[in-house]
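Per-entry structural report
This is what each chain is made of:
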Amino acid sequence: MAIRVAGALESKPKKGVVDPIELLGRTILRARVLEDKLGNLYRAGRIVGGVYLGKGQEALSGAGGLALRKGDIFAPLIRDMAGRLGFGEPMVDALRAYLGSRLGPMKGRDGNIHRGDITRGILPMISHLGAMVSTVAGVLVAKRMKGEKGRVGLTCAGDGATSTGSFHEGLNLAAVEKLPLVVVVADNGYAYSTPRERQFACEDLVDRAKGYGVEGHGVDGTDPMACWKVLQHAVERAREGAGPQLVVGKLLRLCGHGEHDDGSYVEKKIKSSERGRDCLKVMEEGIKKRGQEKEWQGWREEAQREVEEAVAKVSAEPVPDPFEEDWRATQSDGMAEVMVAS
Amino acid sequence: MSVTYLDAIRSAQEKALRDDPRVFIYGQDVGKFGGAFKATKNLAEKFPGRVVDSPISEDAMVGMAVGAAMEGMRPIVEMQFADFSTVGLNQMLNHAATTFWRTGKPCPMVLRLPSGGTPGSGPFHSQSMEAIYSHYPGIVVMTPATVEDAYTMLLEAIELPDPVVFCEHKLLYYHLKSEALPESAVPAFRARVVRTGRDITCVTYSAMVHEAVAAAEELAEEGYEVEVVDLRTVKPLDTDTVLASVARTGRLLAVGESWPWGGASAEVVARVASEGFELLDAPPKRLNAKDTPIPYHPNLWAAHRPTAVRIAAGLREVLRY
């Protein structure tokens, strides 16, 4: 069932045609520039809470976000800045969540990577791994019941998340219901500090697709255009009714688990292997070979401007105020219980 | 024609399915089979595609409902037994319960829990889960004790914009009967004074209401008038009705079928002690099951849970102070 695709970065752009290489290239760049900035802001003490970056995973993640359309559902995990930007999440939403602006989608009640906007189809993840698989399945069941056709849901996971019962239950449920769900697993070598050999015993996670009765697609997650092709194909298969799709990208997390972690446990051998390639560099080299070195530089500068403008804007925004907070966790009448002790 | 507590639950679901296209039922064996307790009997035939069998995946069942609720549906998830909902706790407590707070968007869903002990059910088919769910913000927890409440409160639960845990007591399913389905309801989130009395207040909920009423009848023969308050909904807790009753009687026994550490009965005692201390003529007491897993053999089970006899003894103890 598993297919493997090799990318092609050498194709030339054509006038008047959307160039997937440019689309994905710019998305990877925007994500990297923004995340570099977030790392700096973290070290400068400007961030409330932790910072979790997706360095090295931008091609796989971004290709997933870009493969979706408006009206689809995207449920990212912690390393999916590129997917979020590709799907259309405004950059200011990310900064509002990280810098604690009251104007953000979570209003300071939740932060950083947990942000989401249900009205835009971006589900706000909870920290418990695997939980979003069944949740996206639920959105798709609801859409089917409402007669809404042609929608796809895509959710992301890491190799660590595949060890949870929640991941298994969710994917199995989606397979039973034959839902248009795409599950993208970034097999990035480590779950926090635990190497993949301590996480699962099968050779390749994509082989599990057969066991679930879903279509599986393995891809070199460091090869941007291979990611593009596989994600385009998987989303198309889901959309045409072929049921859930399991995409497994092999790559390496090129940073610590969070910015508090130096990732010193990552073995040198794996860093210098094919798996340890930086998708951004692969992209850059391909773009240069295409003769678009100037464009690439322009895109980078554009991304830098966008990030700086967004940081400046969000830095001036109001922070949450406990006295203006209504402290209600439910909407039901009579639920605002005022406890004497509080 | 009489209506059982279980009939009321089935009828409420049928009415909701008929009246509201957003409602659907998801659970193990709920489809053609009609559910382990037959709470969805014939509903799959009447509402094709809306009463759906799930895999044995409690986590994914609740997670699926969370997603469907976010997308505007009104899912009802039937757990086969309340005890198994522990497997789905993460999705309920960390996902459903936090959604409104985190996002400002509602997550309206009902988690139906066939709860409480029956003879021979043992440690894993007898639990009362209201304490765990009530501890977490963001969830309404209902514990109906009567046929009327089973019907009207389930309809309310389905209409509420919040996630609701609906604890229905298995011991009441077949034996508790009423003449007909109710046409009116006690206001939502309000406790109900089941029996008035001037000497002591017994606050309880779910199946224990019936044990408390039997204990009150026993004490009436001894000349004591026991006021029995049925909380109906344990979260939010109707502190006003409880305090008003204690103001009349000056004494309190809170009873719960669940374990003694924490929980609804502990919350009642804590609130009365801190907010109504001067109303009390005696230390407020509470009575719960023993602090062990729930026993299988009926001899042990009957001694494990509060019963009318034990409640009567508890009431006498507070009255004697």
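Criteria and cut-off values
- Residues numbered from 1 in each chain as written.
- Chains lettered and ligands numbered in written order.
- Predicted model: local features only at pLDDT ≥ 70, side-chain atom pairs only at ≥ 80, totals over all residues.
- Heavy atoms only, no water.
- Buried < 20%, exposed > 50% of the residue type's maximum accessible area, 1.4 Å probe, protein only.
- Helix = DSSP H or I, 4+ residues; strand = E, 2+ residues; numbered from the N terminus.
- Pairing = 2+ DSSP bridges.
- Right-handed = clockwise from strand over helix to strand, strands pointing away.
- Phe/Tyr/Trp six-rings, centres within 6.5 Å; stacked < 30°, edge-to-face > 60°.
- Contact = heavy atoms within 4.5 Å.
- Buried area = accessible area lost by both parts, 1.4 Å probe.
- Salt bridge = Lys/Arg side-chain N within 4 Å of Asp/Glu carboxyl O.
- Axes fitted to C-alpha atoms, helices over the stretch in contact; angles between N-to-C directions.
- Core = buried A, V, L, I, M, F, W, Y, C linked by side-chain atoms within 4.5 Å.
- pLDDT = per-residue confidence, 0-100.

**Quick notes on the pairing of strand β7 (residues 215-220) of chain A**
All names here are of chain A.
- Of all six residues in β7, five are buried; the element is thus mostly enclosed.
- Of the pairings in the sheet, the one linking β7 to strand β8 (residues 245-250) comprises six bridges and is parallel in character. Among the inter-strand pairings, H217 is bridged to a residue of β8, identified as V247.
- Note on the crossover from β7 through helix α8 (residues 224-239) to β8: the handedness is right-handed.

**As for the packing of aromatic side chains**
Residues and elements named next belong to chain B.
- Across all of its chains, the model carries nine aromatic pairs over all chains by this definition.
- Between F37 and Y173, the ring centres sit 5.2 Å apart and the planes meet at 55°, which makes this aromatic pair tilted. Here the residue F37 occupies a position in the loop between β2 (23-27) and α2 (43-46), and Y173 occupies one in the loop between β7 (164-169) and β8 (177-178), the gap between them amounting to 136 residues.
- Since its relative accessible area comes to 12%, F37 is described here as buried.
- Using a relative accessible area of 0% as the deciding quantity, one classes Y173 as buried.
- Aromatic ring contacts, followed pair by pair, group Y5, F37, F81, F84, Y173 and Y174 into a single cluster.

**Digging into the interface of chain A and chain B**
- Counting residues at the interface gives 44 residues for chain A, matched by 46 residues for chain B.
- Summing both partners gives a buried area of about 3,700 Å² for chain A against chain B, and 63% of it is carried by carbon and sulfur.
- The largest contributions to the chain A side of the interface with chain B come from M145, E169 and Q331 of chain A, which together make up 16% of the buried area.
- Linking chain A to chain B there are three salt bridges.
- Linking E71 of chain B and K146 of chain A is a salt bridge whose minimum nitrogen-to-oxygen distance equals 3.0 Å.

**Description of the sheet that holds strand β13 (residues 252-255) of chain B**
Residue and element names in this part refer to chain B.
- Strand order in the open sheet formed by five strands is β9-β11-β10-β13-β14, with mixed pairing between adjacent strands. Looking at the sheet topology across the chains shown, the edges are occupied by β9 (192-195) and β14 (285-287). Looking at each pair of strands side by side, their axes are set apart by 25° on average, direction ignored.
- Packing against the sheet, helix α9 (residues 264-275) makes contact with β10 (200-204), β13 and β14, and its axis sits at approximately 155° to β13.

**Some remarks on unusual backbone geometry**
- A cis amide bond links K235 of chain B with the next residue in sequence, P236 of chain B, at an omega value of 5°.
- Tracing the backbone shows P236 of chain B in the loop between β12 (233-235) and α8 (239-249).
- Notably, N112 of chain A is not glycine yet its phi reads approximately 25°, a positive angle.
- As for its position among the elements, N112 of chain A is in the loop between α4 (91-99) and α5 (131-145).
- Assessed through its relative accessible area of 10%, N112 of chain A is described here as buried.

**Looking at the environment of A308 of chain B**
- By the element assignment, A308 of chain B lies in helix α11 (residues 308-320).
- Not counting residues within four places of it along the chain, the set of residues in contact with A308 of chain B comprises E211, A214 and A215 of chain B.

**Regarding the pattern of salt bridges**
All names here are of chain A.
- Applying the stated criterion across every chain yields a total of 49 salt bridges over all chains.
- Salt-bridge contacts for D204 lead to K250; the nearest nitrogen and oxygen are separated by 3.2 Å. Of the two residues, D204 is situated in the loop between β6 (194-195) and α7 (208-212) and K250 in strand β8; the sequence distance between them amounts to 46 residues.
- Residue D204 is classed as buried on the basis of its relative accessible area of 7%.
- Residue K250 is classed as partly exposed on the basis of its relative accessible area, which comes to 29%.

**What to know about the sheet that holds β12 of chain B**
Residue and element names in this part refer to chain B.
- Taken together, the seven strands give an open sheet; going across it, the order is β3-β2-β4-β5-β7-β6-β12, and neighbouring strands pair in mixed fashion. One side of each edge strand has no neighbouring strand; the edge strands of this open sheet are β3 (51-53) and β12. Neighbour to neighbour, the strand axes of the sheet diverge by 20° on average, direction disregarded.
- Bridge count for strand β4 (residues 74-78) against strand β5 (residues 110-115) is three bridges, and the pairing is parallel. Each residue of the ladder has a partner; that of V77, found in β5, is L111.

**Quick word on the nonpolar core**
- With 144 residues, the main nonpolar core has L38 and V182 of chain A together with Y133 of chain B as its most contacted residues.
- In contact with L38 of chain A, other than residues within four places in its own chain, are I47, V51, L53, M81, L95 and Y98 of chain A.
- With 38 residues, the next largest nonpolar core counts V23, F81, V147 and A157 of chain B among its residues.

**Here's the deal with the confidence of the model for chain A**
All names here are of chain A.
- A residue-level look at chain A finds 94% of positions with pLDDT of 70 or above and a mean pLDDT of 93.
- Low confidence marks residues 1-6, where pLDDT is under 50. Its contacts with residues over four positions away, or in another chain, come to 21 contacts.
- With pLDDT under 50 throughout, residues 335-342 is counted as low confidence; its partners more than four residues away or in other chains account for twelve contacts.

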